[in-house]
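# Structure at a glance
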Amino acid sequence: MVGTPADGSIRVVIIDDSLLVRNIISDQIKKESRIQVIATGKTGVDCIELATKLRPDIVILDVEMPVMDGLSALQELQKRKLGIPVMMLSVLTQHGADATFKALEYGAIDFVPKPSSSNQFNPEEIGTVLKNRILAYFDSLRPSHAGLDPKKIVETVKSKIFKDEKKTVEAVCIGTSTGGPKALQTVFSDFPENFHLPIFVVQHMPVGFTKAFASRLNDHSKITVKEAEDGEEVRPGTGYVAPGDAHLKIESKAGRKWIALGREALVNGHRPSVEVLFDSAIREYGSALVGVIMTGMGKDGAAATLRMRETGASTVAQDEDSSVIFGMNRQAIEMGGVQFVEPVSAITSRILSILKERGN
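To start, this report covers the structure provided alongside it. (Residues numbered from 1 in each chain as written. Predicted model: local features only at pLDDT ≥ 70, side-chain atom pairs only at ≥ 80, totals over all residues. Heavy atoms only, no water.)

## A closer look at the packing of helix α9 (residues 274–285) against helix α10 (residues 302–310)
Quick note on the threshold: The axes are straight lines fitted to the C-alpha atoms, using for helices just the contacting stretch, and the angles between their N-to-C directions are given from 0 to 180°. The numbering of helices and of strands both runs from the N terminus, where a helix is a DSSP run of H or I of at least 4 residues and a strand a run of E of at least 2. If an angle is under 35 degrees, it is roughly parallel; if it is over 145, roughly antiparallel; if it lies from 65 to 115, roughly perpendicular; otherwise it is oblique. Handedness of each helix crossing follows the sense of rotation of the near helix against the far helix: counterclockwise by less than a right angle gives left-handed, clockwise gives right-handed. Note on contacts: a residue pair qualifies if any of its non-hydrogen atoms lie within 4.5 Å across the two residues. Classes in brief: Ala, Val, Leu, Ile, Met, Phe, Trp, Tyr, Cys and Pro nonpolar; Asp, Glu, Lys and Arg charged; the others, Gly included, polar.
Running from N to C, α9 and α10 point in directions that differ by 15°, and their axes come no closer than 8 Å. Our classification of the angle between α9 and α10 gives roughly parallel. Seen from above, α9 lies across α10 with left-handed handedness. Contacts between α9 and α10 pair E275, F278, D279 and I282 from the former with A302, A303, A304, T305, R307 and M308 from the latter. A breakdown of the residues in the contact of α9 with α10 according to their chemical character gives six nonpolar, one polar and three charged.

Following this line, the structure appears as structure tokens:
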């Protein structure tokens, strides 16, 4: 993994076939004094040459380009083992979404929507997202997080008195952000075909990507995964991914559970928000829950993870080593809301173990 830049400045190379997009992205991120744009290019070939010659701290890479596209360039960077993190620029189309998720599988750390006349994201908004994610990524690489030892914190917290009703689990809730798409694919691919509980997911992701993402999870999973729809009945053995720009909540009607989507104010800077989903699940399921908080910048869902644990629900956090950004999960651990800390490859097996212990 690449280290934090020694002088505090983050050296960026931008690769996009559009001069306008290169200029927009460059102008926006240069407003942040800690980020320095050292070069730009317009093809995947440029990407390889500039990355090899300049060894930037991060590359911002377009997916679709002539001569050599972004996916091919990303694969070549990986082959050369340069250790340079890559963030993708992605168009809001089905093809663009599919290519983006492939890029994440190939090792890209994150993606942001590409500025265009056809999407609702203005240059300032995209610039802010890019700056925040770049800074959060490098901040997450700083050693030890002021001496944080997740295992010691979890062991200390275990001595606290939580409700522990050992009720049969009725649902699983998962919250994640940066690094989540690849991590969720690992988690969902491990659920067995006979898994019988609903799984509710908030992945911070823009409008236009969540439906394609849910479809991709479905393709890699033995259970059904779909984008959640307002007013649909919750079914067993189904994963529900919150749509971009909509909070996901669960409601009870006539003894059954239903999906409710809403566009209320952002919570912790997000819509959908992990906090909103978790609090809704606490209201509807009480202690009959497993809550999972995973890789991502910020604190969304951390306080609700603690509230979930305080009700007697079981909680799991992704560990630091397998997280792209140890942020949301770190906050949840530090607040004392996490019962188990696991690498992403062991999260599903931990969920299954909890279910067995709780009588499912």
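Alright, that's what it looks like, and here's the rest.
## So, the environment of R133
Worth spelling out the cut-off: What qualifies as a polar contact is a pair of N or O atoms within 3.5 Å, subject to a donor-acceptor requirement within protein and to the restriction that residues adjacent in sequence count only when both atoms come from side chains.
Relative to the helices and strands, R133 resides in helix α5 (residues 123–140). In this structure, the C-alpha to C-alpha distance between R133 and D110, residues 23 residues apart in sequence, is 8.4 Å. Look past the residues within four positions of R133 in its chain and what remains in contact with it is M87, D110, F111, V112, M297 and I325. Polar contacts involving the side chain of R133 include one to the main-chain carbonyl oxygen of F111, which spans 2.8 Å.

## Here we look at the pairing of strand β12 (residues 289–293)
As a reminder, the rule being used: Exposed residues in this analysis have more than 50% of their type's maximum accessible area, buried residues have under 20%, and partly exposed residues fall in between, with area computed by a 1.4 Å probe over protein chains only. Between any two strands, pairing holds if DSSP finds at least two bridges.
Burial analysis of β12 places five of its five residues in the buried class, the great majority of the element. As paired strands, strand β6 (residues 171–176) and β12 are joined by five bridges and run parallel to one another. Bridged to G175 within β12 is I293. Judged from the four bridges that link them, β12 and strand β13 (residues 314–318) form a sheet pairing that is parallel. Within β13, the residue paired with V290 across the bridge is S314.

## What to know about the nonpolar core
Which entries qualify depends on this criterion: Buried Ala, Val, Leu, Ile, Met, Phe, Trp, Tyr and Cys residues form a nonpolar core when they are joined through side-chain atoms within 4.5 Å.
In this structure, L61, I174 and F188 are the most contacted members of the largest nonpolar core, which totals 57 residues. Looking at which element gives the most residues to this core, the answer is helix α4 (residues 94–105), with five residues. Here I174 is in contact with L184, V187, F188, I199, F200, V201, V202, L277, F278, V292 and M294, once residues within four sequence places are set aside. Counting residues in hydrophobic clusters, the runner-up holds 29 residues, among them L277, A304, A313 and V338.

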